[in-house]
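# Per-entry structural report
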Amino acid sequence: MSTRYDVDREQLAEQLAGEPRYRLDQVWQGLYTQLATPDELTSLPKALRARLDEELPLALHQEIRRMSDGGDTVKYLWQLDDGNRIETVLMLYPDRVTVCVSSQAGCAMDCGFCATGQAGFKRHLTVGEIVEQVARAAREAKDMGRRLANVVFMGMGEPLANETAVWGAIERIHGDIGLSARHLTVSTIGIVPGIRSLAARPLPVNLAVSLHAANDELRNTLVPMNKRYPLEQLMNACADYLAVKGRRISFEWALIEGVNDRDSDAFELAALCKRFRLAAHVNLIPLNPTPGWPTIGSSPKRVQQFRDLLESRGVNATVRRNRGTDIDAACGQLAAGQPVEIRTPRGTSGSPR
Ligand code: SAH
């Protein structure tokens, strides 16, 4: 049985065969614009509401909902129909509301410092499972009197390893929920063919690349996928993305004490960014703790110094404000309650905790 946000308009039309034609718009708008459940669509006959509720079940079953930052960060742990679990994080800022969505249950990229990578890959999410994360977060924001405007594909999984479903979801989020493509950001570890597919898609969504190292030797140890798509290929794909879309590219950099926060790392990164001029933006993330990687993040002072070093070389850099660290909702901490393997960092000089 298809879930509520998996069916497209044509499939919904089939489901509504025998009903007056205007019902299709009513139901579709109810789900995507009003973010309502069928039983809330009181303009529909009661029997139809009951049928839709039954025939179009939700895909995400809420297991845990936790808040931190005084209610400004909400983490959802959902159970899927097959028992797999994923997480979604809703973040309320004074000027905007953002949701961080998962694209896979688990992740196969195996980055040692990331809790999702530590837990391993389970499966790809469907279009509906991705869209529903956005719809339900948008509904929650609406109930708080706020409007969800930004979606970042920075939750569990590697979005460009599931590009087809991610794209399907983006089209739905843009075309039906009505968010601007400029407010949608896909973050990747650097799957070059995925970046090229995304470049060929019509909407100007933002690209963020999890860089963490600016030379292949170090990056190979932090991001195993770098061996397949080394930096030169990756940077060329980013340059081509920029040329096609004209959107600023973000480089994410989780600062790990003694590993990638040295002066030389900042200078190498600045050199890598040079070809992009002002279109490159570095997002510094002080490393968040995860169970499987006994390495610590750079101190706030070092984070600031690293930023200043980048700025001194003409590179735009901001420090990402940490959200939800206390509820394991911050970058790299999403593991959906999976047990993770405890291991020592590979080929790094990270200090044990
Ligand atoms: N797989 C995609 C999407 C996940 S985004 C990607 O890698 O881009 C999650 C972001 O958090 C990535 O930039 C990731 O590198 C970063 N991250 C992972 N573990 C982290 C940790 N322990 N502390 C801080 N950031 C981390």
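Now for a look at the structure at hand. Computed from a prediction, not measured in an experiment: that's the story for all the values here.

### Considerations on the pattern of salt bridges
Proximity of charged atoms lets side chains of opposite charge pair with each other. Inspection of every chain in the model, using the stated rule, returns 21 salt bridges. Across the pair Asp53 and Arg4 runs a salt bridge, and its minimum N-O distance is 3.2 Å. A residue pair is termed long-range when its members are at least 10 positions apart, and Asp53 in helix 3 (residues 46–55) and Arg4 in the segment before helix 1 (9–15) qualify at 49 residues. The exposure class of Asp53 is partly exposed, given its relative accessible area of 30%. Accessibility expressed as a relative area gives 5% for Arg4, which makes it buried. The salt bridge partner of Asp308 is Arg307, with a shortest N-O separation of 3.7 Å. Residues participating in the shared-partner salt-bridge network are Glu19, Arg23, Arg51 and Glu55.

### Side note on the packing of helix 5 (residues 127–143) against helix 6 (residues 163–177)
Contact pair helix 5 / helix 6: the axes reach a minimum separation of 8 Å and the direction vectors enclose 40°. Judged on the interaxial angle alone, helix 6 and helix 5 are oblique. Handedness of the crossing formed by helix 5 with helix 6: right-handed. On helix 6, the residues that touch Val127, Ile130, Val131, Val134 and Ala135 of helix 5 are Ala165, Val166, Gly168, Ala169, Arg172, Ile173 and Ile177. Partitioned by chemical class, the residues of the contact of helix 5 with helix 6 number 10 nonpolar, one polar and one charged.

### Digging into the sheet that holds strand 2 (residues 73–79)
Spatially, the 10 strands line up as an open sheet ordered 1-2-3-4-7-8-9-10-11-12, and their pairing is mixed. Of all the strands in the sheet, the pair left with one neighbour each is strand 1 (61–68) and strand 12 (316–319). Strand-to-strand, the axes of this sheet are offset by a mean angle of 20°, without reference to chain direction. Note that strand 4 (residues 97–100) and strand 7 (residues 150–153) share three bridges and pair parallel. Paired with Cys100 across the bridge in strand 7 is Val152. Docked against the sheet, helix 5 engages strand 1, strand 2, strand 3 (85–92), strand 4 and strand 7, running at close to 35° with respect to strand 3.

Here is what the cut-offs are and how they apply
Residues numbered from 1 in each chain as written. Predicted model: local features only at pLDDT ≥ 70, side-chain atom pairs only at ≥ 80, totals over all residues. Heavy atoms only, no water. Salt bridge = Lys/Arg side-chain N within 4 Å of Asp/Glu carboxyl O. Helix = DSSP H or I, 4+ residues; strand = E, 2+ residues; numbered from the N terminus. Buried < 20%, exposed > 50% of the residue type's maximum accessible area, 1.4 Å probe, protein only. Axes fitted to C-alpha atoms, helices over the stretch in contact; angles between N-to-C directions. Parallel < 35°, antiparallel > 145°, perpendicular 65-115°, else oblique. Left-handed = near helix turned anticlockwise from the far one by under 90°. Contact = heavy atoms within 4.5 Å. Nonpolar A, V, L, I, M, F, W, Y, C, P; charged D, E, K, R; others polar. Pairing = 2+ DSSP bridges.

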